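Coordinate analysis (summary)
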Amino acid sequence: MTLYSDVAELLAEAGILDVDVDDAVADEHVRSSAYHRVVLVAASSRSRDRDRAIVATILRDPVDLVSKTAVVALVDGIAMKATGAAEFRQWSAGIQSETAQFETEGYRDFIRRRIQDWLLLLSVEDGHVPTQGELSNASDWMQRVLAERSTSPAVLALLAESGSRKKIRNIAKNRAGGAR
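Residues numbered from 1 in each chain as written. Predicted model: local features only at pLDDT ≥ 70, side-chain atom pairs only at ≥ 80, totals over all residues. Heavy atoms only, no water.

1. Details of helix α1 (residues 3-14)
Between the first and last C-alpha of α1 there are 17 Å, a value that for 12 residues agrees with the 16 Å anticipated at 1.5 Å per step. Where α1 is concerned, the buried positions are D6, V7, L10, L11 and A14. All buried residues of α1 project into a common sector of 120° when viewed along the axis, lining one side. In this fold, the buried residues of α1 make contact with α2 (21-26), α3 (28-44) and α4 (51-58). (Helix = DSSP H or I, 4+ residues; strand = E, 2+ residues; numbered from the N terminus. Expected span 1.5 Å × (residues − 1). Buried < 20%, exposed > 50% of the residue type's maximum accessible area, 1.4 Å probe, protein only. Arc of directions from axis to C-beta. Contact = heavy atoms within 4.5 Å.)

Laid out in structure tokens, this is it:
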């Protein structure tokens, strides 16, 4: 497979007809934007059958940062539509095996951590109260999302006490109505 055929196939399967494939191949910014549109289409689909193939194709891109950005957008899009942690855990297992192709270890780690963050949020939305260790393993970004979105008094109390940043602790404290 060539970059041209990969980009053309992804765009065609997503029904995106207004991107010039030659421009996308020549310019990583155009390609990144095209991939972003492809993963938005994929994430909005009810079927998860093509996600691994889409990720595998995107990961063949010669610019790891372009691939990482697209895969993270897909992970975020699927997580936001997941009905719970179990569904997302099953889906993400296949994606994580694909992302082992990244040459840049930091990108593999970033996606793994992003998946773990989403699993934590989805489990909290299912009623789970994280342990201190689970909270400390969550990124600052996810701790802030939890502080801003959670309605659980126990989760907000934990974040108010143990959030990794003062801003996170203050958001949780204020949302819990327990500003001291």
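2. A short note on the packing of α1 against α3
As a packed pair, α1 and α3 sit with axes 9 Å apart at the nearest point and diverge in direction by 35°. As for how α1 packs across α3, the hand of that crossing is left-handed. Counting all contacts with α1, which are made through L3, V7, L10, L11 and A14, the residues of α3 involved are R31, A34, Y35, V38 and V41. For the contact of α1 with α3, the per-class residue count stands at 9 nonpolar, no polar and 1 charged. (Axes fitted to C-alpha atoms, helices over the stretch in contact; angles between N-to-C directions. Left-handed = near helix turned anticlockwise from the far one by under 90°. Nonpolar A, V, L, I, M, F, W, Y, C, P; charged D, E, K, R; others polar.)

3. Digging into the nonpolar core
Counting residues in hydrophobic clusters, the biggest one holds 55 residues, and the most contacted among them are L11, I58, V71, L74, V75, F88 and L159. Element by element, the count of residues in this core is highest for helix α5 (residues 64-81), at 9 residues. (Core = buried A, V, L, I, M, F, W, Y, C linked by side-chain atoms within 4.5 Å.)

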